Amino acid sequence: MEVNVTINGAARTAEVEARTLLVDFIRTNLSLTGTHIGCDTTSCGVCTVLLDGTPVKSCTMFAFQADGHEIQTVEGLKNGELHPIQAAFKEEHGLQCGFCTPGMMLVGKALLEENLNPTDDEVRWAISGNLCRCTGYMNIVKAIQTAGAELSAAESGATA
Ligand code: FES
Ligand code: FES
């Protein structure tokens, strides 16, 4: 079957089998390998992408379910320069091996779209579906809050 999506702002189409998972469509058909596969069973969150702005685990959806929708992957964050969430993960040492990082950043971005000043608990709740095996969570929480502060300062600067 044919699946049409807008991914990171570009219209893309591919022929897939009905059983193709969204994560395989993104990685294999669209060659966007920044979206990772870990557990393949909805537990680890490394396959998280934004579907119409909402975090989804792309190993838990069929590709055809995304037909006609807008997807953002980690490749869509950088726009010339690092997105504030990428810069904050770098600055706050929010990653080590980086395997969980694309999913963590996209979940963080979605949270900050609702709330630029989340508490520790709010960040921890937002990332509760995402596992990190190496960094520990403190710096990830700090990175998301730092990105929120950056975005908030940029917004105040723009409206001043
Ligand atoms: S690979 Fe999708 S949740 Fe682990
Ligand atoms: S940085 Fe290695 S799994 Fe999170």
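Observations regarding the domain arrangement of the chain
Part 1 of the argument: Its domain assignment divides the chain into domain 1 (2-76) and domain 2 (84-159).
Part 2 of the argument: When each unit is reduced to the centre of its C-alpha atoms, the spacing between domain 1 and domain 2 is 21 Å.
Part 3 of the argument: At the level of secondary structure, the elements contributing two or more residues to the side of domain 1 that touches domain 2 comprise β3 (48-51) and β4 (54-57).
Part 4 of the argument: The element best represented in the side of domain 1 that touches domain 2 is β3, accounting for three residues.

Some points on the packing of helix α2 (residues 84-91) against helix α3 (residues 101-114)
Part 1 of the argument: Running from N to C, α2 and α3 point in directions that differ by 125°, and their axes come no closer than 10 Å. Classified by the angle their axes make, α2 and α3 are oblique. Crossing of α2 against α3: the hand is right-handed. Residues Ile85, Gln86 and Phe89 of α2 touch α3, and the partners they reach there are Thr101, Met105, Gly108 and Lys109.
Part 2 of the argument: Residue classes in the contact of α2 with α3 are distributed as three nonpolar, three polar and one charged.

Rules used throughout
Residues numbered from 1 in each chain as written. Chains lettered and ligands numbered in written order. Predicted model: local features only at pLDDT ≥ 70, side-chain atom pairs only at ≥ 80, totals over all residues. Domains from an automatic or database assignment. Helix = DSSP H or I, 4+ residues; strand = E, 2+ residues; numbered from the N terminus. Axes fitted to C-alpha atoms, helices over the stretch in contact; angles between N-to-C directions. Parallel < 35°, antiparallel > 145°, perpendicular 65-115°, else oblique. Left-handed = near helix turned anticlockwise from the far one by under 90°. Contact = placed C-beta atoms within 7 Å. Nonpolar A, V, L, I, M, F, W, Y, C, P; charged D, E, K, R; others polar.

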